[in-house]
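Close look at the chain arrangement
Listed below, chain by chain, are the residues.
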Amino acid sequence: MHQVVGIGEILWDVFPDGPRFGGAPANFSCSTSELSRGAAGVLMVSAVGEDELGRKAIESLKRRGVDTSVLQVNQHATGKVDVQLDDDGKASYHFADDAAWDHLVWNDALGKVAATCDAVCFGTLGQRSETSRRTINQFVQATPESALRILDVNLREPFYDDSVIQQSLALANVLKLNDDELPRLARINGLSGDDVDVMRQLAARHQLRYVALTRGADGAAIVSDSEVSDLPGVPTEIADTVGAGDAFTAAITLGLLAGQDIDIVNRNAIAVASYVCSQPGATMTFPDDLMKP
């Protein structure tokens, strides 16, 4: 059984109608667990507070089949973010400062998990504090060479800078980004060309096995050193877009671990993300027909 880890922020997305469990790595972990249907072991590496939201976060992860055995509990408040949706369902975020996940510390238990990890997904937001950045970097570096080290850049103003992006790219061997983030990475790397050209250049410069680009309603592209999959989107009535990118990352992780052709990986990931867009919130149970080869 493959072991998959999400590492970084755990928080609650506070919508006008109330809080919903979230955080990109947590969404990724829940979606991976749900989509794998027991075929992969999924662990969450993060920290929550000794508060009601922390207890509910642990319950939410467990309910989705995510292992919380190395989840840390500290005296800081569990993370929260105020979410606003525009008329098209696209989200904007305001993050609370100094949350529990900013205080993720290294320990022997994390070292043991890293040593047996087949895939880890990390981002830049989870590295906004020096403490958590060191821990995340140490964890990713401690995974086996064969592991997928997936950087979902997840740029959130003002919690990143060019150096964090570049350091994270140096750790990763798979990159996932969206069509707002690609131009930023192109600029700081001095790259130009169309989307696929820039993705190929990023892959070559940073020794990435795969680069995946999501484009909302316009579908997604995945490039490797020898292949390109560029597929259109699936028409969807959007409830909101929260968690769609994280579910896409979960789907490509499982597909790549299974050794599937990248067209199949991309097609399945687009279908999964489209389904998430059609449902409110970021974590959910998926229909049985998703992720079929």
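Scroll up to find the structure this text is about.
Before going into details, it helps to say that this report is about the structure given with it. (Residues numbered from 1 in each chain as written. Predicted model: local features only at pLDDT ≥ 70, side-chain atom pairs only at ≥ 80, totals over all residues. Heavy atoms only, no water.)

1. Here we look at the packing of aromatic side chains
One pair of aromatic rings is described through two measures. These are the centre distance and the angle between the planes. Basically, it comes down to this: Under the pairing criterion, centres of Phe, Tyr and Trp rings, with the six-membered ring standing for Trp, must be within 6.5 Å; the plane angle then separates stacked pairs below 30 degrees from edge-to-face pairs above 60, leaving the rest tilted. Only protein chains enter the calculation, and the probe is 1.4 Å; a residue is then buried if its accessible area is under 20% of its type maximum, exposed if over 50%, and partly exposed in between. Going along the chain from the N terminus, every DSSP run of H or I of four or more residues is numbered as a helix, and every run of E of two or more is numbered as a strand.
Following the criterion strictly, the structure yields 2 aromatic pairs and no others. Relative to Phe 21, the ring of Trp 12 has its centre 5.5 Å away and its plane inclined at 65°; by these criteria the two rings are edge-to-face. The exposure class assigned to Trp 12 is buried, which follows from its relative accessible area of 7%. Residue classification places Phe 21 among the buried residues on the basis of a relative accessible area of 7%. Geometrically, the ring pair formed by Tyr 275 and Phe 286 is tilted, given 6.0 Å between the ring centres and 55° between the ring planes. Linking Tyr 275 in helix 9 (residues 262-277) with Phe 286 in the segment after helix 9, this pair joins segments that are 11 residues apart in sequence.

2. Notes on the environment of Ala 40
Worth spelling out the cut-off: By definition, residues are in contact when any of their heavy atoms lie within 4.5 Å.
Tracing the sequence through the fold places Ala 40 in strand 4 (residues 40-45). Considered as a pair, Ala 40 and Leu 213 are 173 residues apart in the sequence and their alpha carbons are 24 Å apart. Excluding residues that lie within four positions of it along the chain, Ala 40 makes contacts with Met 1, His 2, Val 4 and Leu 254.

3. Some thoughts on the sheet that holds strand 4
What counts is decided by this rule: Note on pairing: DSSP must find at least two bridges between two strands before they are called paired. Under this scheme, a helix contributes an axis fitted over its contacting stretch, all axes are lines through C-alpha atoms, and angles between N-to-C directions fall in the 0 to 180 degree range.
The sheet built from 8 strands is open, its strands ordered 4-1-9-10-11-12-13-14 with mixed pairing. The sheet is open, and its two borders are formed by strand 4 and strand 14 (228-231), each paired with just one other strand. Here the strands of the sheet are splayed against their neighbours by 15° on average, with no regard to which way each runs. Here 3 bridges tie strand 1 (residues 2-7) to strand 9 (residues 119-122), and the two strands are oriented parallel to one another. Residue pairing for strand 9: Val 4 is matched across the bridge by Ala 119.

4. A look at the pattern of salt bridges
Pairing between side chains of opposite charge can happen when their charged atoms approach one another. Heads up, the condition is: Criterion for a salt bridge: a side-chain nitrogen of Lys or Arg within 4 Å of a carboxyl oxygen of Asp or Glu.
Inspection of every chain in the model, using the stated rule, returns 9 salt bridges. Here Asp 162 and Arg 184 are joined by a salt bridge, their closest N and O atoms 2.7 Å apart. On the criterion of sequence distance, the pair formed by Asp 162 in helix 5 (residues 162-171) and Arg 184 in helix 6 (residues 181-188) is long-range, its members being 22 residues apart. With a relative accessible area of 27%, Asp 162 lands in the partly exposed category. Salt-bridge contacts for Asp 230 lead to Arg 215; the nearest nitrogen and oxygen are separated by 2.7 Å. You can see Asp 230 sitting in strand 14 and its partner Arg 215 sitting in the loop between strand 12 (210-214) and strand 13 (220-223), a full 15 residues away along the chain. Judged by relative accessible area, which is 40%, Asp 230 ranks as partly exposed. The network of salt bridges with shared partners includes Asp 162, Arg 184 and Arg 187.

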